[in-house]
Amino acid sequence: MALDNVSFSIEQGEFVLVVGSSGSGKSTLLNMIGLLDNPTNGKIFIDGIDTTTLGDNKTSSFRNKKLGFIFQFSNLLSDLSILENVLLPRQIAGTNSTSEKDARDLLKAVGLEDQMHQRTNNISGGQAQRAAIARGLINKPSIVLADEPTGNLDSVTSKTIVQLMKSMAKKLNQTFIIVTHDRQQFGDVDRVITIKDGKAFKGDHPSEMEIYA
Amino acid sequence: MDYRLRLAKRMLFSKRGSLIGAVLAVTIGIMVIHVNFVIFQGLFDAIVRDITNYRNGDILVTDESDYINKSDLSLVNWFERIPYVDAVAPRLSSTAEMNMTKNGKRFEETRVPIVGVDPFRDIRASTVHETVTEGNYVFSRNSIVLGSIVARDLGGAQVGDSVKVLVVDRWGQDQIRRFTVSGIANSPGGQGFDYTAVVHIDSLRDMLSRTGETSSFMVKLNDPSKALEVKEFFLRSFPNDDFIAETIEESAEQQLAGFRSGIAMINIIGYFGMMSSAFAIVTIQMMLVNGKTKEIGILRAIGAKRKDILIIFILQGMIIGAIGTGVGTAAGLGYTFYAKETKMSWNNSLPLEVTYNWGKIIQTALTSFILAIIASLYPSYRATKLLPVEAMRTV
């Protein structure tokens, strides 16, 4: 069992880190919050909605409108330009007149205004991750989920990406749940959840940890 | 542009090898049908054309009692008053024995079909005279045109040679007459009078003791589509006679029946070819789906519904179908055009009769396009079944 009797709630605007060793279940937790995986038992509420009872179409819509994803390898579509990648969640939701302006503004905010028409296979890992952040934020989701967002980057670029996520969270008052194995990189955050042997603990110092159940 | 169409295009064009393979599969399917159609339907049409032009006309009038007693002039005049009728030619048919002495050696042929024609009417209703490659068509009562095969069997008869012809008259008596060869007939594919001898109709009537009688009338129309109408009008106008009137489809039915089933068979093979191309599309699209598993996972993760994934891959099927159908139809039309312009034939066989059958062309193109879409349904369905979290693990 990847997760066992885990229960906690996160407030709007919180910047939360989920840490733990490899195979502890932190990515499984993120996938469940992101509705990419279903719990065998238990419920997940987001904005007061029990997401475990949603059908496939509603789950997709929910993911599109309420959740933003940032993956370890950016996971941009190589067949599209950066701008098209950022626009994609909005187009899936149904384009509106401000879509392109919003995407350009976001790309400007993450420092990619000059590269927006480039194909994603022509940019660096750091730039790809910035584009992924912009894509994750385009639909103004309730929660942004990031799975090892700096795991594939060098330390300097990682630092920039962390700063960018923190500033965007503050600026947009959005909830960020970030899975990482590198706690130090993130410095001060609102909350840290440690996953160990499938159980969730509050905090990251073994002496102070309190179980979430 | 809808993002699904953009993605369908980009994903497809980024896998050029698969795209080319799928397009080629459709193109070849269509080409097989077009080539088969041009060759076999062209051959069929060429045979119909030659039977019409050389033997039966658009309407063939005969009599239940083998010979028509009515005056040929009156029947010809009756027909030629109908605006759709171009020309009418009476003919009298029998068989003959022929012999000829060439370089001191006697050559003999038995059971040679012999046709009596009215040369002035015949050249208007038929194109047999155009097959006379050496000399002239029948122009006098003692001239004979030999088919190239008959001439060969008579030891290589040439224009100017003298041929003795024996027929059995209506009373069972042998009638012998000498004719001078005025021409040799040789037609592509041997569809003309290559195995036949042609003489003046009055000469044959005399020999057969059938003055004023005729075996058949070939009626040439300026609008062949009116054949049935003219035929029925003729039969209604002579209710007390025992005339038999047949359109080319009816009179040549026996000769064409076997060919028709051949064409049907070839068309079935063509459609099987198209089905094979559909299977090729299934295989290639499955490869495309497998190659884009991660992308499908990403799309699902950011909110694309199963329906959106289905649409993307069906659109790919439509793109493959549209390009393949376009290229295949263009190539097929090009081939048809080439066959038409070059009067395509093989080893002096009859030249193909090529017509642009737009109904058939559109039907083939639509069938192929729809098949390509149907072929993309299963791979598209498989793509929708991928779980996002599993799909994204694919590297």
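Structure report, in brief. Everything quoted here is computed from the prediction, not taken from an experiment.

**Section: the environment of alanine 96 of chain B**
Residue and element names in this part refer to chain B. One can find alanine 96 in strand S2 (residues 85-102). Residue alanine 96 is classed as buried on the basis of its 26 C-beta neighbours within 10 Å. When the C-alpha positions of alanine 96 and threonine 196 are compared, they lie 9.8 Å apart, and in sequence the two are 100 residues distant.

**With respect to the interface of chain A and chain B**
On the side of chain B, 18 residues touch chain A, which itself brings 19 residues to the contact. Those elements that provide at least two residues to the side of chain A that touches chain B are helix H2 (56-66) and helix H3 (82-93) of chain A. Considered class by class, the residues forming the side of chain A that touches chain B number eight nonpolar, seven polar and four charged.

**Some points on unusual backbone geometry**
The general pattern is negative phi for most residues beyond glycine and trans for most peptide bonds. Within the chain, asparagine 75 of chain A stands out as a residue other than glycine whose phi angle is a positive 50°. Look at aspartate 66 of chain B: it is not a glycine, yet its phi comes out positive at around 75°. Secondary-structure assignment places aspartate 66 of chain B in the loop between strand S1 (59-63) and helix H3 (72-80). Judged by C-beta crowding, with 10 C-beta atoms within 10 Å, aspartate 66 of chain B ranks as exposed.

**Quick word on helix H12 (residues 358-384) of chain B**
Residue and element names in this part refer to chain B. Taking 1.5 Å per residue as the helical rise, H12 with its 27 residues ought to reach 39 Å, and the 38 Å between its terminal C-alpha atoms agrees with that figure. Regarding H12, the residues found buried are Thr364, Ala365, Ser368, Phe369, Leu371, Ala372, Ala375, Ser376, Pro379, Ser380, Ala383 and Thr384. Tucked inside the fold, the buried residues of H12 contact helix H2 (16-56), helix H9 (253-291), helix H10 (293-301) and helix H11 (306-341).

Cut-offs applied
- Residues numbered from 1 in each chain as written.
- Chains lettered and ligands numbered in written order.
- Predicted model: local features only at pLDDT ≥ 70, side-chain atom pairs only at ≥ 80, totals over all residues.
- Helix = DSSP H or I, 4+ residues; strand = E, 2+ residues; numbered from the N terminus.
- Buried ≥ 20, exposed ≤ 12 C-beta atoms within 10 Å, placed from the backbone.
- Contact = placed C-beta atoms within 7 Å.
- Nonpolar A, V, L, I, M, F, W, Y, C, P; charged D, E, K, R; others polar.
- Expected span 1.5 Å × (residues − 1).

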